[in-house]
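So the chains spell out like this:
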Amino acid sequence: MRVALLGLPGSGKTTVFNAVVDKPVPLAPGALQTDTHVQVAKVRDERLDRLGALLKPKKLTAAGLEIWDPPGLPPGSGERDKERRIRRLAELREADAYVLVVRNFVSDSYAYEPGREQPDPAAELGWLVEELLTADFVVADGRIQRIRENLRRGVRTQDKDKLELAVLERCSALLEAGEGLASLDLDAADEKRIRGYQLFGLKPFVLLVNGPEPAAEGLREGMVLRPKARLDLDAQVEAEVQAMDPAERPAFLEEFGIDSPAAQRLAHAVYRAVGLISFFTVGGDEVRAWTLRDGRTAIDAASKVHTDLADGFVRAEVFDHQELLDAGSEKEVKARGLMRLEHKGYVVKDGEVVHIRSTK
Ligand SMILES: Nc1nc2c(ncn2[C@@H]2O[C@H](COP(=O)(O)OP(=O)(O)OP(=O)(O)O)[C@@H](O)[C@H]2O)c(=O)[nH]1
Ligand SMILES: [Mg+2]
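None of these values were measured; they are calculated from a predicted model. (Residues numbered from 1 in each chain as written. Chains lettered and ligands numbered in written order. Predicted model: local features only at pLDDT ≥ 70, side-chain atom pairs only at ≥ 80, totals over all residues. Heavy atoms only, no water.)

Engineer: Outline the overall build of the protein, supporting the account with residue identities and numerical values.
Structural biologist: In terms of regular secondary structure, the protein is built from 13 helices and twelve strands. Against the compact-globule benchmark of 21 Å for 360 residues, the protein has a radius of gyration of 23 Å, which places it among compact chains. Relative to its full complement of 360 residues, the protein shows a buried share of 46%. Here the protein has roughly 18500 Å² of accessible surface; of this, 50% comes from carbon and sulfur atoms. (Helix = DSSP H or I, 4+ residues; strand = E, 2+ residues; numbered from the N terminus. Rg over C-alpha atoms; globule rule 2.2 N^0.38 Å. Buried < 20%, exposed > 50% of the residue type's maximum accessible area, 1.4 Å probe, protein only. Areas by Shrake-Rupley, 256 points an atom, 1.4 Å probe, with all protein chains shown as cover.)

Engineer: Explain the site of ligand 1 to me, and be specific about the residues and the numbers.
Structural biologist: As a structural note, the neighbourhood of ligand 1 is formed by 18 residues, with K13, T14, T15, Q33 and N210 the closest of them. Between an oxygen atom of ligand 1 and a side-chain N or O atom of D234, the distance comes to 3.2 Å. One of the backbone nitrogen or oxygen atoms of A235 is found 3.4 Å away from an oxygen atom of ligand 1. Every element with two or more residues in the shell around ligand 1 is listed here: α1 (13–20) and α7 (235–242). Looking at the shell around ligand 1 element by element, the count peaks at three residues for α1. When grouped by side-chain class, the residues that make up the shell around ligand 1 number six nonpolar, ten polar and two charged. (Near = heavy atom within 4 Å. Polar contact = N/O pair within 3.5 Å; in protein donor to acceptor, adjacent residues only side chain to side chain. Nonpolar A, V, L, I, M, F, W, Y, C, P; charged D, E, K, R; others polar.)

Engineer: Can you break down the coordination of the magnesium ion (ligand 2) residue by residue, with the values?
Structural biologist: By definition of the ideal shapes, a tetrahedral metal site with four donors has angles of 109.5 degrees and an octahedral site with six donors has angles of 90 or 180 degrees. Protein-derived coordination of the magnesium ion (ligand 2) comes from T14 (OG1) and Q33 (OE1), at a distance range of 1.9 to 2.0 Å. Of the two residues, T14 is situated in helix α1 and Q33 in the loop between α1 and β2 (37–43); the sequence distance between them amounts to 19 residues. The class of Q33 is partly exposed, set by a relative accessible area of 25%. (Donors = N, O, S within 2.8 Å, 3.2 Å for Na, K, Ca; no water.)

Engineer: Residue-level account of the nonpolar core, with values.
Structural biologist: Judged by nonpolar contacts, the single largest core of 47 residues is most densely connected at V20, L65, I67, V99, L208, L266 and V270. A per-element tally of this core places helix α9 (residues 262–274) first, with nine residues. Beyond its immediate sequence surroundings of up to four residues, V20 is in contact with A41, I67, Q242, A262, A263 and L266. Formed by 40 residues, the second largest nonpolar core is a distinct cluster that contains V102, L128, F200 and L219. (Core = buried A, V, L, I, M, F, W, Y, C linked by side-chain atoms within 4.5 Å. Contact = heavy atoms within 4.5 Å.)

Engineer: How would you summarise helix α5 (residues 158–176) if you had to cite specific residues and measurements?
Structural biologist: With 19 residues, α5 extends 26 Å from end C-alpha to end C-alpha; this agrees with the ideal 27 Å at 1.5 Å per step. Looking at α5, one finds that the buried residues are D161, E164, L165, V167, L168, C171, S172, L174 and L175. Where α5 is buried, its residues contact α4 (121–153) and α6 (188–194). Remark: G178 follows α5 within two positions and exhibits a positive phi of approximately 80°. (Expected span 1.5 Å × (residues − 1).)

Engineer: Lay out the pairing of strand β10 (residues 313–320) with the relevant residues and their values.
Structural biologist: Taken together, the seven bridges between β10 and strand β12 (residues 352–358) define a ladder with antiparallel strand orientation. Residue pairing for β12: R315 is matched across the bridge by R357. (Pairing = 2+ DSSP bridges.)

Engineer: Give me the pattern of salt bridges: which residues, what numbers.
Structural biologist: One side chain can pair with another of opposite charge once the charged atoms of both are near each other. Under the criterion given, the structure shown has 23 salt bridges. R193 serves as the salt-bridge partner of D190, at 2.6 Å between the closest nitrogen and oxygen. Taken as a pair, D190 and R193 lie in helix α6 at a separation of three residues, close to a single helical turn. Accessibility expressed as a relative area gives 14% for D190, which makes it buried. In this structure, R288 engages E286 in a salt bridge whose closest nitrogen and oxygen atoms are separated by 4.0 Å. Here the salt bridges share partners, and the residues they tie into one network are D45, R47 and D350. (Salt bridge = Lys/Arg side-chain N within 4 Å of Asp/Glu carboxyl O.)

Engineer: Could you give an account of the packing of aromatic side chains, naming the residues involved and the relevant values?
Structural biologist: Here a ring pair, both rings aromatic, is described through the centre-centre distance and the interplanar angle of the planes. For the structure shown, the criterion picks out three aromatic pairs. Here the aromatic rings of Y98 and F205 are separated by 5.3 Å at their centres, their planes lie at 25°, and the arrangement is stacked. One end of the pair, Y98, is in strand β5 (residues 97–103); the other, F205, is in strand β6 (residues 205–210), with 107 residues separating them in the sequence. The two residues Y98 and F205 agree in class, both being buried. (Phe/Tyr/Trp six-rings, centres within 6.5 Å; stacked < 30°, edge-to-face > 60°.)

Spelled out as structure tokens, the structure:
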């Protein structure tokens with residue numbers, strides 16, 4: 001699961017990044033970030049800890065979210081630099097989900113726009129949404145023009161092209177009207193027709209208001225991307241806590257009145273926005289948690305673990321992790337008749353232990 005942080009320069013993306021990953025990157029205030037930082041943030045899961053305590057494997061591996069921290073998106077007005085802005089966004093389309101970071105703290109590092117020390121999260125959000133949807137419009141519209149041209153020339157793929165064109169025209173009409181694509185109710189076939197364009201408007205979003213206060217009136221406007229989760233985070237404080245020795249963190253979190261660390265809250269928000277669940281594998285040496293989209297099947301779970309497992313898939317042995325904790329061992333789960341043999345199409349549930357029987 002690749003999660004990209006998006007926001008204006010100075011909104012605190014790198015600070016958020018440092019609050020959720022294990023190896024902080026240096027902040028260079030005033031300097032323009034040029035590269036995208038990428039690290040995997042571990043998803044804390046008490047169920048995994050309990051399985052580890054029972055089975056004492058050599059290795060206990062948490063599920064991970066790959067977090068991208070790209071350079072900020074400076075607001076460009078209208079046509080200015082449009083090409084360049086759209087190209088920059090193209091690389092970010094590969095992410096599976098986005099966290100929109102808006103600044104809600106006073107800052108003087110807004111070098112690109114003097115006099116903007118006071119936060120205006122609603123304006124930042126509105127600008128970001130417009131930028132993303134404009135880029136989507138350009139992609140959809142470009143493709144529409146090309147298909148129309150192809151149809152006029154009478155290419156052989158007419159039927160397929162016409163179906164794709166119909167979906168793209170629905171998208172572009174919504175985008176042109178300044179609406180997002182969240183209301184676009186695509187069936188599976190139509191979704192597949194335009195999946196390759198990776199439109200931002202069809203992806204899951206989390207809204208992160210970064211600052212000491214939750215605040216933010218007017219955030220409802222410019223919400224056409226319909227973030228499915230919202231986080232209020234003081235990234236600066238959270239990054240400081242994350243830089244401490246893990247044993248010291250809980251006391252500081254309590255002092256700051258923070259219920260659970262940023263990494264955990266961010267992971268929850270992303271899980272909710274995307275619709276993710278966790279399943280577990282328990283081998284001799286390793287007990288491990290994995291993420292899976294809700295509604296996905298045993299064969300999808302198998303290919304997460306290893307493509308070979310999916311290729312040689314025979315059956316999945318499935319039981320709930322709690323049944324293992326209660327029984328004390330896999331053998332006892334089996335003896336109690338709780339281990340089920342499931343087919344490829346079995347929909348994996350949150351918290352299940354899945355063992356793939358495979359010919360490979
Ligand atoms: N007071 C306060 N300052 C913050 C907070 N988050 C970030 N900052 C400060 O704001 C400045 C910019 O933070 P960064 O995390 O580098 O912002 P960014 O979004 O990564 O910026 P670019 O990479 O240039 O796009 C730094 O000086 C941070 O210390 C916060 O929650 N509160
Ligand atoms: Mg940064």
